[in-house]
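The residues making up each chain are set out below.
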Amino acid sequence: MIPASSFAGKRVSLFGLGGSGIATAHALIAGGADILAWDDNPDSVAKAAAVGIATGDLRGADWAGFSAFVLSPGVPLTHPKPHWTVELARGSGVEVIGDIELFCRERILRAPEAPFIAITGTNGKSTTTALTAHILKSAGRDTQMGGNIGRAIMTLDPPQAGRHYVVECSSYQIDLAPSINPTAGILLNLTPDHLDRHGTMQHYASIKERLVAGSETAIVGVDDSWCAQIADRLERVGRQVIRISKRLPLTDGYFADGGNLMEAADGRYSRVAFLDGIGSLRGQHNAQNALAAVAACLKVGLELGEIQAGLESFPGLAHRMEQVGRKDHVLFINDSKATNADAAAPALSSFSRIYWIAGGLPKEGGIEPLRGFFPRIAKAYLIGEAAPGFSATLGEAVPYEISGTLAAAVAHAANDAAKDDGGEAVVLLSPACASFDQFKNFEVRGEAFRQAASAIDGVKPIGGPR
């Protein structure tokens, strides 16, 4: 735990008593703050009270006595309208912050030299966070990973010299962290997302920009116009900017050239790392993730050899193009996290002979946006409520069957792929759907695929996340 000593002796209000909220409350108490916590869910309030957290309805609190208001990132700050607690805080002139802000203040107080890498973006931030932390750990660095991935940030070990922090930040968390100041700030990409909570794309982008604007070095993916403009804007005001691109040869920065990761300096190129043969980092999207990790790790002092070793040993994330097993020329990939068409596109773009398991609870737009990948699909195996609609979209363009269940789909796909004599064949679960018609969540769905694939006679497991 990181005691939030920056609020020692002060009174602090807190709203949101889920897992991270409870952790934040304990950190504040450990740091000497006098807190009053609340939640709209009575069960959450009762659980907090049971573990020694002072609770009370903030509607009747004396807001003038609070030094700060700590808000859970899941609670609306601005859109569709501010939560009632936010209005009370602002009405009394109380600053509204979150747990990332608490961490930033503790780092400045305790060990401002402790390397801090913060990652955001619409897509890829979890993989980039996990990859960066893995490279640091495999190089023997004292590494702490958390934030929007894994552990709540205030449950990490306290800042000290030489301790490296790798933190995934959602837009909600950045919005509550006005003094965020990473050593290396990464902005991967921007596409419309969470506009119900941010109102406009412009507002969403401005929030994401704060992370890199406050960083010592801003690492910005420039493959979309929003991020390219942010990189230009930061450079104009004198910030140190490193541009990365998964598809453009840059004159300065880092870019991907096939499986090679290149550094460009004044138009001169040199290879800094390579991804060929690294199954967990297939695809152009992972090239961008790896470029960001390489740039950040170089910033905090790693050598190229250490970085390459970390790339090669990265196991990937569970349920995100996870290599489950192989039988002869057939590779089994669990991409259960792909809960809509956009999320399924990276996996479909990464293989050429695909036996595609898709379906579940359909999302708006279905799989029509994936039509460009249909030539890569040898056959589709459709499951769940989406099966009739998906079959209509596939039409005569892709052979398909309505398998109904995931177990049947895995068995049939594996049998068909085994007969494919066109090189590597991939049995791919990338559903482009929510899981809730047949499974509790995408994790349970992915585990069911993993078990079904592993149960096939002759399938050898591939080391990866469990």
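See above for the structure.
Owing to the predicted nature of the structure, the values given are computational and were not obtained by experimental measurement.

About the criteria used
Residues numbered from 1 in each chain as written. Predicted model: local features only at pLDDT ≥ 70, side-chain atom pairs only at ≥ 80, totals over all residues. Heavy atoms only, no water. Helix = DSSP H or I, 4+ residues; strand = E, 2+ residues; numbered from the N terminus. Buried < 20%, exposed > 50% of the residue type's maximum accessible area, 1.4 Å probe, protein only. Core = buried A, V, L, I, M, F, W, Y, C linked by side-chain atoms within 4.5 Å. Contact = heavy atoms within 4.5 Å. Pairing = 2+ DSSP bridges. Axes fitted to C-alpha atoms, helices over the stretch in contact; angles between N-to-C directions. Expected span 1.5 Å × (residues − 1). Arc of directions from axis to C-beta. Polar contact = N/O pair within 3.5 Å; in protein donor to acceptor, adjacent residues only side chain to side chain. Salt bridge = Lys/Arg side-chain N within 4 Å of Asp/Glu carboxyl O.

**Student:** Summarise the side chain of Thr217; cite the residues concerned and give the values.
**Tutor:** For Thr217, the position within the fold is in strand β9 (residues 217–221). Thr217 sits in the buried class, given a relative accessible area of 0%.

**Student:** Got a sec to walk through the nonpolar core? Specific residues and values, please.
**Tutor:** Counting 73 residues, the largest nonpolar core has Leu28, Leu58, Phe69, Leu71 and Val220 as the members making the most contacts within it. For this core, the leading source of residues is helix α8 (residues 201–213), giving 6 residues. Sequence-distant contacts of Leu58, that is, excluding residues within four places in its chain, are made with Ser13, Leu14, Phe15, Leu36, Trp38, Trp63, Phe66, Phe69, Trp84, Thr85 and Leu88. Ranked by size, the runner-up nonpolar core spans 39 residues in total, among them Ala130, Leu131, Leu261 and Ala290.

**Student:** Outline the sheet that holds strand β13 (residues 268–274), supporting the account with residue identities and numerical values.
**Tutor:** An order of β6-β7-β5-β8-β9-β10-β11-β12-β13 is seen for the 9 strands of this open sheet, with the pairing classed as mixed. The sheet is open, and its two borders are formed by β6 (142–147) and β13, each paired with just one other strand. Going from strand to strand, the sheet's axes swing by 20° on average, the running direction of each strand aside. The sheet contact formed by β9 and strand β10 (residues 240–245) spans 5 bridges and is parallel. Following the sheet pairing, Ile219 is matched in β10 by Ile242.

**Student:** Before we move on, could you go through helix α9 (residues 225–236) and cite the residues and values that matter?
**Tutor:** Taking 1.5 Å of rise per residue, 12 residues should cover 16 Å, and α9 covers 16 Å from first to last C-alpha, within 8% of that figure. Within the sequence span of α9, burial applies to Cys227, Ile230, Ala231 and Leu234. An end-on view of α9 places all buried positions within 100° of arc, on one side of the element. On its buried face, α9 sits against β8 (184–187), α8, β9 and β10. Taking the backbone nitrogen of Trp226 as reference, a side-chain oxygen 3.2 Å away marks Asp224 as the first, capping residue of α9. After α9 finishes, the residue Gly238 shows a positive phi value of roughly 90°.

**Student:** Talk me through the pattern of salt bridges; I want residue IDs and the actual numbers.
**Tutor:** Taken as a whole and assessed by the stated rule, the structure comprises 21 salt bridges. A salt bridge links Asp232 to Arg243; the shortest N-O distance between them is 2.8 Å. Of the two residues, Asp232 is situated in helix α9 and Arg243 in strand β10; the sequence distance between them amounts to 11 residues. Residue Asp232 is classed as partly exposed on the basis of its relative accessible area of 34%. Residue classification places Arg243 among the buried residues on the basis of a relative accessible area of 17%. Sharing partners across several salt bridges, the network here consists of Glu95, Glu101 and Arg105.

**Student:** Lay out the environment of Ala228 in plain terms, naming residues and giving numbers.
**Tutor:** Mapping Ala228 onto the fold places it in helix α9. Taking the relative accessible area as the measure of exposure, Ala228 reaches 23% and is therefore partly exposed. Once the C-alpha coordinates of Ala228 and Asn189 are considered, the two residues, 39 residues apart in sequence, prove to be 9.2 Å apart.

These figures capture arrangement, not role.
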